[in-house]
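Chain and residue survey
In case you want the letters, here they are:
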Amino acid sequence: MKAYAAPDMGRSLFEVAISVAPFVGLWFAMWLALTSVGYALTLLLAVPAAGFLVRIFLIQHDCGHGAVFNRQSVNNWLGRVLGVVTLTPYDHWRRTHALHHAGSGNLDRRGIGDVETLTVREYLARGRWGRLQYRLYRHPLILFGVGPFFVFLLHHRLPIGFMRAGRMHWVSTMGTNLAIAGAVGGMAWAIGIVPFLMIHLPVVLLASAAGVWLFYVQHQFEETHWDASDRWTHPTAALKGSSHYDLPAVLRWVTANIGIHHVHHLSSRIPHYRLPEVLRDFPELREVNRLTFADSLKCVRLMLWDESHRRLVPLRSLREGPAMP
């Protein structure tokens, strides 16, 4: 996979341009619609604007992996700038995301940069209140509605869970917060705080919900893979614990090929625009953990890791008396 992990500067600059410029243009069109046509058109335009915001976040994601430019310092500064747009403190996020890659699929390293997942044994060991909390957390309205709002608008404003992990997390978070405050203040001065919120909040909420959905589907599918530390290996976790979310061509482009997630986890330095090359040259990878959009909708009901059957199962499976190891 090392042969594919080589960013092309020209192509990378082009990818940044065709992600940022349309987003800026759509945002301006939403403002014009708000002031001269009506809010309905503004909300309609929020959908493609949110799509481009997702794409900007995924360019930032590639920066964190050193997959946009050859020099990591350039990746980092671009990531920090884009982090102001995506409301994500880049350096703090980059560190937590690295922990996600280092422990994805490891039962002993859950809790950082992933969707909380209990085993059947852990769930049954909880009391009534603990089980209710988990069911509420995993409810689609919370996971894909309230959750994205909390993560991107509130959780990212403080380095939660890393309060004593070093100044980098604080500098990244507070620096991003100050830059966001400056940008919001400038836009509020230019067009007014209420119009700004009417335009930007729907875009952020749609984009964050889509982002959480993508992250969820990439690892929360029935035949995913989890192991304890003594059995966990990176290649196995990458290929068996990450999906190939085979979306329609337009959505593949908007989501910067992040659906080819098993290959991304196998070699995270491959630029997003080179991931399809891997599937072309290694066609056997196309069907590994392949999920269509219709398939992915069924993943919402999966909530628990059944260690005896080694798959994710819905809560209703407990009524059938799962075999306990």
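Before reading on, note that the structure itself is shown above.
Computed from a prediction, not measured in an experiment: that's the story for all the values here.

**Quick word on the sheet that holds strand S1 (residues 118-119)**
Spatial ordering of the open sheet is given by S1-S4-S5, a layout of three strands whose pairing is mixed. The open sheet is flanked by S1 and strand S5 (311-314), the only strands paired with a single partner. Of the pairings in the sheet, the one linking S1 to strand S4 (residues 302-306) comprises two bridges and is parallel in character. Paired with Leu118 across the strands is Leu304, a residue of S4.

**Comments concerning the side chain of His264**
Within the secondary structure, His264 sits in helix H12 (residues 261-266). Leave out the neighbours within four places in its chain, and His264 touches His61, His65, His97, His101, Ile258 and Leu275.

**Quick look at the side chain of Thr173**
As for its placement among the helices and strands, Thr173 is situated in helix H8 (residues 167-191). When sequence neighbours within four positions are dropped, the list of residues in contact with Thr173 reads Pro89, His92, His156, Arg157, Leu158 and Pro159.

**With respect to the pattern of salt bridges**
In this structure the tally under the stated criterion is twelve salt bridges. Taking the shortest distance from any N to any O, the salt bridge between Glu15 and Arg55 comes out at 2.8 Å. Of this pair, Glu15 sits in helix H1 (residues 9-36) while Arg55 sits in helix H2 (residues 39-64), placing them 40 residues apart in sequence. Side by side, Glu15 and Arg55 carry an identical accessibility label, which is buried. A salt bridge links Glu277 to Arg274, with the shortest nitrogen-to-oxygen separation between them at 3.0 Å. What makes Arg274 buried here is its relative accessible area of 16%. Here the salt bridges share partners, and the residues they tie into one network are Arg11, Glu15 and Arg55.

**Thoughts on the packing of aromatic side chains**
Following the criterion strictly, the structure yields ten aromatic pairs and no others. Note on Trp27 and Phe196: the rings are 5.9 Å apart at their centroids and 40° apart in plane angle, and the pair reads as tilted. Of the two residues, Trp27 is situated in helix H1 and Phe196 in helix H9 (residues 193-219); the sequence distance between them amounts to 169 residues. Of the residues examined, Trp27 reaches a relative accessible area of 10% and is grouped as buried. We classify Phe196 as buried; its relative accessible area is 8%. Each ring, one from Phe144 and one from Trp213, has its centre 5.2 Å from the other, and the planes form 70°; the classification is edge-to-face. Here the residue Phe144 occupies a position in helix H7 (residues 140-154), and Trp213 occupies one in helix H9, the gap between them amounting to 69 residues. Neither residue differs from the other here; Phe144 and Trp213 are each classed as buried. Each residue in the set Phe57, Trp93 and Phe152 is aromatic and connected to the rest through ring pairs, giving one cluster.

Criteria and cut-off values
Here the residue numbering is sequential within each chain, running from 1 through the sequence in written order. Local features are withheld for residues below a pLDDT of 70 in this predicted model, meaning they are given only at 70 or higher, and side-chain atom pairs are given and counted only at 80 or more; totals for whole chains, interfaces and linings count all residues. Hydrogen atoms and water are omitted, and side-chain values are computed over all heavy atoms in the structure. A pair of strands is labelled paired if DSSP reports no fewer than 2 bridges between them. Helix and strand labels come from DSSP, where a helix needs a run of H or I of at least four residues and a strand needs a run of E of at least two; each type is numbered from the N terminus. In this analysis, two residues are considered to be in contact whenever any of their non-hydrogen atoms come within 4.5 Å of each other. The term salt bridge refers to a side-chain nitrogen of Lys or Arg lying within 4 Å of a carboxyl oxygen of Asp or Glu. Three labels apply to residues, based on accessible area from a 1.4 Å probe with only protein chains included: buried if under 20% of the type maximum, exposed if over 50%, partly exposed otherwise in between. Here a Phe, Tyr or Trp ring, Trp counted by its six-membered ring, pairs with any other such ring whose centre lies within 6.5 Å, and the pair is stacked when the planes are under 30 degrees apart, edge-to-face when over 60, and tilted otherwise.

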